[in-house]
Amino acid sequence: METPQSPDRGPAQQAAPSTVPPPAAGPSPSTADRLLAGRTALVTGAASGIGRACAQALAAAGAHVHVVDKAADAAKSLAETIGGTAWVVDLSVPDTVDTLPADVDIVVNNAGLQHVAPVHEFPPDRFALIQRVMVEAPFRILRRTLPGMYERGWGRVVNISSVHGLRASPYKSAYVTAKHALEGLSKVVALEAAEHGVTSNCVSPGYVRTPLVENQIADQARTHGISEEEVVGRVMLERSAIKRLIEPDDVAEAVLWLCGPRTGHITGTSLSMDGGWTAN
Ligand SMILES: NC(=O)c1ccc[n+]([C@@H]2O[C@H](COP(=O)([O-])OP(=O)(O)OC[C@H]3O[C@@H](n4cnc5c(N)ncnc54)[C@H](O)[C@@H]3O)[C@@H](O)[C@H]2O)c1
């Protein structure tokens, strides 16, 4: 699934510019659940797992969501369900990334993939691919979307990092490298964008119950030569005080909160959702 492919682009046209002013601070309970009405969001890796939950949450809050993923059927089906727009693209192809809509108010950089191997056996092309999808694509998306946010005086960038943006684990050199880079990119954007009403933050979860993790459980069982149950209990959650996987909807709720009207002073930070892992 990680090999470059020809883009099978969804819509032929760019998204219409958003002209809706920022919502007033302090939503009443009756409007809180539509607090993103009139906003446009772009979510990468939105066809599955955390990205899917984010796209659903943002759409439920009233945003028009650009569902970006290389998984064509799942992206189109989700876009149809939430009234969004599907963009079937491979984010490892830089030219393709540069064709995504630039005129959005919210960017959720979420697409990611994992490869588990010791450094001395790690395939260089796989390392480079992970950097392209998880670092270069977010950079390319932001360099094209920030000017519109600056012009409108409002924007939200949420980068789905990981506890591995803050801590390392063996066998995950490409992923840990990419997530640390994403945390750095997010902070630089926070500094540059502050004067324009745009915030940039990371949400950094521990293990979330998604297909990416389910694949890792199987991979790690092979690498460590232990059962899948032992991988979850003893390897994955060993450093977590809370011994259960996070649900994608819980991550989406944090993303939605960062996109809301009360978080304008939260920028350049990383919201850990790791069951106490980084408290160690
Ligand atoms: N699941 C976890 O435990 C966990 C924990 C911390 C952080 N994260 C991060 O959350 C994000 C989402 O992870 P998930 O667990 O929901 O994964 P997932 O595998 O369920 O979904 C990832 C999505 O990204 C898409 N994608 C991957 N490569 C792509 C490419 N080249 N072009 C376009 N789309 C591509 C996939 O098609 C898929 O739909 C990732 O950045 C991951 O690193 C996940």
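This write-up is about the structure you can find in this document. What you are looking at is a predicted structure, and each value in this text was computed from that prediction instead of being measured. (Residues numbered from 1 in each chain as written. Predicted model: local features only at pLDDT ≥ 70, side-chain atom pairs only at ≥ 80, totals over all residues.)

With that settled, the discussion passes to helix α5 (residues 124-152). When the terminal C-alpha atoms of α5 are compared, their 41 Å separation across 29 residues agrees well with the 42 Å that a helix rising 1.5 Å per residue should span. The sharpest bend along α5 reaches about 35 degrees and sits at R132. The set of residues buried in α5 consists of I130, R132, V133, M134, A137, P138, I141, L142, T145, L146 and M149. Those residues of α5 that are buried are in contact with β1 (40-44), α4 (94-97), β4 (106-109), β5 (155-160), α6 (173-193) and β6 (198-205). Directly beyond the C-terminal end of α5, a positive phi value near 75 degrees is found at G153. (Helix = DSSP H or I, 4+ residues; strand = E, 2+ residues; numbered from the N terminus. Expected span 1.5 Å × (residues − 1). Bend = angle between axes of the 7 residues up to and from the residue. Buried ≥ 20, exposed ≤ 12 C-beta atoms within 10 Å, placed from the backbone. Contact = placed C-beta atoms within 7 Å.)

One non-glycine residue with positive phi stands out, namely Y171, at about 75 degrees. With respect to the helices and strands, the residue Y171 is situated in the loop between β5 and α6.

Looking now at the site of the ligand. As a matter of local geometry, the ligand sits amid 26 residues, with G45, G49, G112, T210 and L212 nearest to it. Looking at side-chain class alone, the shell around the ligand contains 14 nonpolar, nine polar and three charged residues. (Near = placed C-beta within 6 Å. Nonpolar A, V, L, I, M, F, W, Y, C, P; charged D, E, K, R; others polar.)

Right, let's talk about the sheet that holds strand β3 (residues 85-88) for a bit. The seven strands are arranged β3-β2-β1-β4-β5-β6-β7 in an open sheet whose pairing can be described as parallel. Each of the sheet's edge strands pairs with one partner strand only, and the pair in question is β3 and β7 (270-273). Geometrically, the sheet is characterised by an average inter-axis angle of 15 degrees between neighbouring strands, direction not taken into account. Inspection of the sheet shows β1 paired to β4 by three bridges, in the parallel sense. Paired with L42 across the bridge in β4 is V107. Lying on the sheet, helix α2 (residues 49-60) is in contact with β1, β2 (64-69), β4 and β5; it crosses β1 at an angle near 170 degrees. Along the sheet, α6 contacts β5, β6 and β7; its crossing angle with β6, the most-contacted strand, is approximately 160 degrees. (Pairing = 2+ DSSP bridges. Axes fitted to C-alpha atoms, helices over the stretch in contact; angles between N-to-C directions.)

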